[in-house]
Amino acid sequence: MNKIKIRKPIVLLLIPILAITVLLIIFGFVFQKSEDEKQQGLTPIFDVSTKGTIAYVAYYKGKAGIYLKHAEETFDNPVLQLDTKQSILDIVFTPDGSSLAFVSANKDVQSRLESSVHLLSLQTLTSEKLFTDLALLTELAFDPQNEDVLFYLRAGTFENYSPIASAHPHEFDLYSYQISDQLRQQFTELSKYSMRSLTISPDGKMAYVQMPDDAHVETAEDTFEMKQRVFQIPLDAPDDLSVVSNNDWEKDIYDFVIMPDRHSMIFQSVSQTGAEGIYEYELFYYDWDNDEEKQLTYLKQHTSHPMISPQNGKVYFMVDKQFGKRKADYQLYQMDADGENLESIPLNLENH
């Protein structure tokens, strides 16, 4: 039987190729980034203080951080930064603007459903943990009349309600936490499929939330006709909740903010479908006393998270310039309450 002989030059050529391949594999394992480490850039989470300071959440190399912008000055470094395994779900200034409350949670919420609420002093840049809950606390809001009371939305589960749907927080209710006495109070027992845009009235007597209007849902067909609306919840009688958004509005309402007069709102809804078949979300105005509506933005993108500045009455909001694409590109905007004088707010995002 003839033996196959491998020529020596071929062997010499194969050895370095094999060595390089092994090295590349090793370097790949050493330097590969996890999904947690890949997160980068601005998120839609922000707040504006009574002093006009803007606080916003951005990721840098997978680390969630809270950044500040005072007037024309934006600080490069975060006032607080978490590790790559943690996320920040919401932030809110105290009524006097001296501190920030924020919610942290595991990015992998399905492995451990847990949230912690912290209070960050903007004078000392130190934070204290107020409490931890085995649930997702998705939004925060202080009582404008009592900064010792912090309201929050609590989701008891994180799951997919159907095999074709992705997992989301569900089983929502409204709670509060009294900081000095460490007391928690549950206001609703709705276990809603979703709940968002928590707002407390200036007098601290009313809560406003967006959630499904499912009071008359009895069949699966009814579910398809159900709309997302804005409800007001009297805090001294939470069972007497009622719809304040326009019942004749044919589309779902999502993010919103109640105007200081407490008789009107600015809300997010679908305006139309773009040329690529992607929904275009805009901001609208609604006066429920006079039943008047007006479209405020015409950006043809994804406009969301409206907020009224307590300092100058301007409307702040986020726009996703890449909505429907693989990676979001958020930018912060401001305008007058009537939709005039629209302008973007520059943020230094080079390092985050």
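Here the protein is described in UniProt, under the heading Sequence similarities (unreviewed entry), as follows: "Belongs to the TolB family."

**So, the overall build of the protein**
For the protein, the count of helices and strands is three helices and 25 strands. In the protein, buried positions account for 47% of the 352 residues. The contacts in the protein between residues at least 6 apart in sequence include a share of 38% that link residues at least 24 apart. As displayed, the protein offers around 19,300 Å² of accessible surface, 51% of which is attributable to carbon and sulfur atoms.

**Observations regarding unusual backbone geometry**
In this model, Glu171 sits at a positive phi of 60°, which is unusual for a non-glycine residue. With respect to the secondary-structure elements, Glu171 resides in strand β12 (residues 168-178). Within the chain, Asn341 stands out as a residue other than glycine whose phi angle is a positive 55°. Residue position: Asn341 is located in the loop between β24 (330-335) and β25 (343-345).

**Focus: the pairing of strand β21 (residues 292-295)**
Relative to β21, strand β20 (residues 279-287) is paired through four bridges, and the arrangement is antiparallel. Each residue of the ladder has a partner; that of Asp287, found in β21, is Glu292. Where β20 folds back on β21, the antiparallel hairpin that results is connected by four residues, among which Asp291 adopts a positive phi of roughly 55°.

**Remarks on the nonpolar core**
Side chains of nonpolar character tend, in soluble globular proteins, to be buried together. Among the nonpolar cores identified, the biggest contains 20 residues, and Phe151, Leu153, Leu174, Leu198 and Val209 are the most heavily contacted of them. Going through the elements one at a time, β10 (136-143), β11 (146-159), β12, β14 (196-200), β15 (206-212) and β16 (228-234) are the ones with two or more residues in this core. With four residues, β11 is the largest single contributor of residues to this core. Residues in contact with Val209, not counting those within four places in the same chain, are Leu153, Met195, Arg196, Ser197, Leu198, Arg229, Val230, Phe231, Ile233 and Phe256. Within the second largest apolar cluster, 17 residues are counted, among which are Ile66, Leu80, Phe93 and Leu120.

**So, the sheet that holds strand β13 (residues 183-186)**
Strand order in the open sheet made by the four strands is β10-β11-β12-β13, with antiparallel pairing throughout. Since the sheet does not close on itself, it has two edges, and those belong to β10 and β13, each with one partner. Looking at each pair of strands side by side, their axes are set apart by 30° on average, direction ignored. Taken together, the ten bridges between β11 and β12 define a ladder with antiparallel strand orientation. Each bridged residue has a counterpart across the sheet, and for Arg154 the counterpart in β12 is Asp173.

**Brief notes about the pattern of salt bridges**
For the coordinates displayed, the defined rule picks out eight salt bridges. A salt bridge links Glu114 to Arg112; the nearest nitrogen and oxygen atoms lie 2.6 Å apart. According to the relative accessible area criterion, Arg112 is partly exposed, its value standing at 44%. Put simply, Asp133 and Arg154 hold a salt bridge, and the shortest N to O gap is 2.8 Å. One end of the pair, Asp133, is in strand β9 (residues 127-133); the other, Arg154, is in strand β11, and 21 residues separate them in sequence. Since its relative accessible area comes to 9%, Asp133 is described here as buried. When salt bridges that share partners are traced, they join Asp133, Arg154 and Arg184 into one network.

**A short note on the packing of aromatic side chains**
Here the structure, examined in full by the defined rule, presents twelve aromatic pairs. Between Phe151 and Phe187, the ring centres sit 5.6 Å apart and the planes meet at 40°, which makes this aromatic pair tilted. Here Phe151, found in strand β11, pairs with Phe187, found in the loop between β13 and β14; they are 36 residues apart in sequence, far enough to count as distant. Pair check on accessibility: Phe151 and Phe187 agree, each one buried. Aromatic ring contacts, followed pair by pair, group Phe131, Tyr152, Tyr175 and Tyr177 into a single cluster. Sitting over the ring of Phe231, Lys192 keeps its end group 6.0 Å from the ring centre.

**A few points about the sheet that holds β14**
With antiparallel pairing, four strands are arranged side by side in an open sheet as β14-β15-β16-β17. Pairing within the sheet leaves two strands with one partner each, and these edge strands are β14 and β17 (242-243). Direction of pairing for β15 relative to β16: antiparallel, over a ladder of seven bridges. If you follow Tyr208 over to β16, its bridge partner there is Gln232.

**What about the side chain of Asp173?**
Positionally, Asp173 belongs in strand β12. Despite its burial, Asp173 pairs with no opposite charge, the nearest such side chain being Arg154 at 6.9 Å. Engagement of the side chain of Asp173 in a polar contact is seen with the backbone nitrogen of Glu189, the distance being 3.3 Å. From its side chain, Asp173 meets the backbone nitrogen of Leu190 in a polar contact 2.6 Å long. Discounting chain neighbours no more than four positions away, the residues touching Asp173 are Tyr152, Leu153, Arg154, Gln186, Thr188, Glu189, Leu190, Ser191 and Met195.

About the cut-offs
- Residues numbered from 1 in each chain as written.
- Predicted model: local features only at pLDDT ≥ 70, side-chain atom pairs only at ≥ 80, totals over all residues.
- Heavy atoms only, no water.
- UniProt positions renumbered as here; feature names shortened; annotations may be inferred.
- Helix = DSSP H or I, 4+ residues; strand = E, 2+ residues; numbered from the N terminus.
- Buried < 20%, exposed > 50% of the residue type's maximum accessible area, 1.4 Å probe, protein only.
- Contact = heavy atoms within 4.5 Å.
- Areas by Shrake-Rupley, 256 points an atom, 1.4 Å probe, with all protein chains shown as cover.
- Pairing = 2+ DSSP bridges.
- Core = buried A, V, L, I, M, F, W, Y, C linked by side-chain atoms within 4.5 Å.
- Axes fitted to C-alpha atoms, helices over the stretch in contact; angles between N-to-C directions.
- Salt bridge = Lys/Arg side-chain N within 4 Å of Asp/Glu carboxyl O.
- Phe/Tyr/Trp six-rings, centres within 6.5 Å; stacked < 30°, edge-to-face > 60°.
- Lys NZ or Arg CZ within 6 Å of the ring centre and 35° of its normal.
- Lys, Arg positive; Asp, Glu negative; His and termini not counted.
- Polar contact = N/O pair within 3.5 Å; in protein donor to acceptor, adjacent residues only side chain to side chain.

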